[in-house]
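Below, each chain spelled out in residue letters.
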Amino acid sequence: MITREEIEKKITEYPIFEYAFFDTSELSFYPNVRTICEVQCPQYGKSWSCPPAVGVLEECKKRCLSYKDAFIFSTVSEVQDTLNMEESLSTRGEHIDIVNQIRKDVFPRDEDILILTAESCSICEKCTYPDSPCKHKDRMYPCIESQTIIVTEICENHNMSFLNGHNIITWFCLILYNKKDYK
């Protein structure tokens, strides 16, 4: 199993803005987050990375808590106008590239980890959900909020910035690792 010290040593090579380590027992799960997904998110029911495909609340909670340790990091991108959703979302690719590199270079391939990121997966132009299995299961990362976890709460608990300026987009990745055996 990879150690915190090994992760910290390796991530210095990446343009990470902030990061924190914590025990997954600190995670809180909120059913109302799922309601917000269903009512407000256009990706609800359209992606393997979002509800209902990721499972019901109890399944998500059990999956997340089956890991002992959590590592959250953020990256930032500058845009002309954060209210321009197209421009803001266009910066997500840079963040996902960093997530993919960290997955490849920091965590051993045989390490049992769960990677959660911001927003719905956008690898495919049109997701195969619900008609066919995901084509990129190894690169499709569920949305953090799909697990009913609130990112801002983690940020507040670990002195991480969430809002970094009127023209700065902050992206997050939560990696759960060191899988515990649970019965």
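Here, every reference points to the structure presented above.
Let me begin by describing the structure that accompanies this report. Just so it is clear, the model here is predicted, and its values are computed rather than measured.

1. Regarding the overall build of the protein
And step 1. Looking only at helices and strands, one finds six helices and four strands in the protein.
And step 2. For the protein, the sequential pattern of α-helices and β-strands runs α-β-α-α-β-α-α-β-α-β.
And step 3. For the protein, whose C-alpha radius of gyration is 16 Å, the value lies close to the compact-globule estimate of 16 Å for 183 residues.
And step 4. For the protein, the spread of C-alpha atoms along the principal axes amounts to about 40 × 40 × 30 Å.
And step 5. Counting across all 183 residues of the protein, residues that qualify as buried make up 44%.
And step 6. In the protein, of all internal contacts separated by at least 6 residues, the share reaching a separation of at least 24 is 80%.

2. Here we look at the side chain of Ser146
And step 1. Take Ser146: it is sitting in the loop between strand E3 (114-117) and helix H6 (151-157).
And step 2. Within the local environment of Ser146, its side chain forms a polar contact with the backbone oxygen of Cys143, the two atoms lying 2.5 Å apart.
And step 3. Beyond its immediate chain neighbours, meaning those up to four positions away, Ser146 contacts Arg34, Ser49, Cys50, Pro51, Val54 and Cys60.

3. Quick word on the state of the cysteines
And step 1. Throughout the structure, instances matching the rule amount to zero disulfides.
And step 2. The thiol of Cys127 is not disulfide-bonded; the next cysteine sulfur, from Cys134, is found 6.2 Å away.
And step 3. The exposure class assigned to Cys127 is partly exposed, which follows from its relative accessible area of 25%.

4. Quick look at the pattern of salt bridges
And step 1. If you walk through the whole model with that rule in mind, you get two salt bridges.
And step 2. For the salt bridge of Glu8 with Arg4, the shortest nitrogen-to-oxygen distance reads 3.8 Å. One end of the pair, Glu8, and the other, Arg4, are both in helix H1 (residues 4-11), four residues apart, so they sit about a helical turn from each other.
And step 3. What makes Glu8 partly exposed here is its relative accessible area of 24%.

5. Some remarks on the pairing of strand E2 (residues 67-78)
And step 1. When you tally the buried positions in E2, you get nine out of 12 residues, the bulk of the element.
And step 2. Relative to E2, strand E1 (residues 18-23) is paired through six bridges, and the arrangement is antiparallel. Paired with Tyr19 across the two strands is Phe73, which belongs to E2.

6. Looking at the environment of Tyr129
And step 1. Along the chain, Tyr129 falls in the loop between E3 and H6.
And step 2. Note on Tyr129: relative accessible area 16%, which makes it buried.
And step 3. Expressed as a C-alpha distance, the spacing of Tyr129 and Thr148, which sit 19 residues apart in the sequence, is 20 Å.
And step 4. Contact partners of Tyr129, with chain neighbours within four places excluded, come to Gly45, Lys46, Ser47, Trp48, Pro52 and Ala53.

7. What to know about helix H2 (residues 31-40)
And step 1. If you check which residues of H2 are buried, you get Val33, Arg34 and Cys37. Looking straight down H2, one finds that the buried residues subtend no more than 100° of arc, so they occupy a single side. The exposed set on the far side of H2, more than 90 degrees from its buried face, consists of Val39 and Gln40.
And step 2. Tucked inside the fold, the buried residues of H2 contact helix H3 (57-65).

8. Regarding the environment of Asp69
And step 1. Tracing the backbone shows Asp69 in strand E2.
And step 2. Along the chain, Asp69 and Tyr177 lie 108 residues apart, while their C-alpha atoms are 5.4 Å from each other.
And step 3. Setting aside residues up to four positions removed in sequence, Asp69 forms contacts with Phe22, Thr24, Ile175, Leu176, Tyr177 and Asn178.

9. Notes on the packing of aromatic side chains
And step 1. Counted by the stated rule, this structure contains seven aromatic pairs.
And step 2. Note on Tyr19 and Phe21: the rings are 5.8 Å apart at their centroids and 85° apart in plane angle, and the pair reads as edge-to-face.
And step 3. The class for Tyr19 is partly exposed, based on a relative accessible area of 36%.
And step 4. Where Trp48 meets Tyr129, the ring centres are 4.8 Å apart and the plane angle is 90°; that geometry is what we call edge-to-face. With Trp48 in the loop between H2 and H3 and Tyr129 in the loop between E3 and H6, the pair connects residues that are 81 residues apart, well separated along the chain.

Rules used in this analysis
Residues numbered from 1 in each chain as written. Predicted model: local features only at pLDDT ≥ 70, side-chain atom pairs only at ≥ 80, totals over all residues. Heavy atoms only, no water. Helix = DSSP H or I, 4+ residues; strand = E, 2+ residues; numbered from the N terminus. Rg over C-alpha atoms; globule rule 2.2 N^0.38 Å. Buried < 20%, exposed > 50% of the residue type's maximum accessible area, 1.4 Å probe, protein only. Contact = heavy atoms within 4.5 Å. Polar contact = N/O pair within 3.5 Å; in protein donor to acceptor, adjacent residues only side chain to side chain. Disulfide = S-S within 2.5 Å. Salt bridge = Lys/Arg side-chain N within 4 Å of Asp/Glu carboxyl O. Pairing = 2+ DSSP bridges. Arc of directions from axis to C-beta. Phe/Tyr/Trp six-rings, centres within 6.5 Å; stacked < 30°, edge-to-face > 60°.

It is worth stressing that arrangement in space is one thing and function is another; only the former is reported here.
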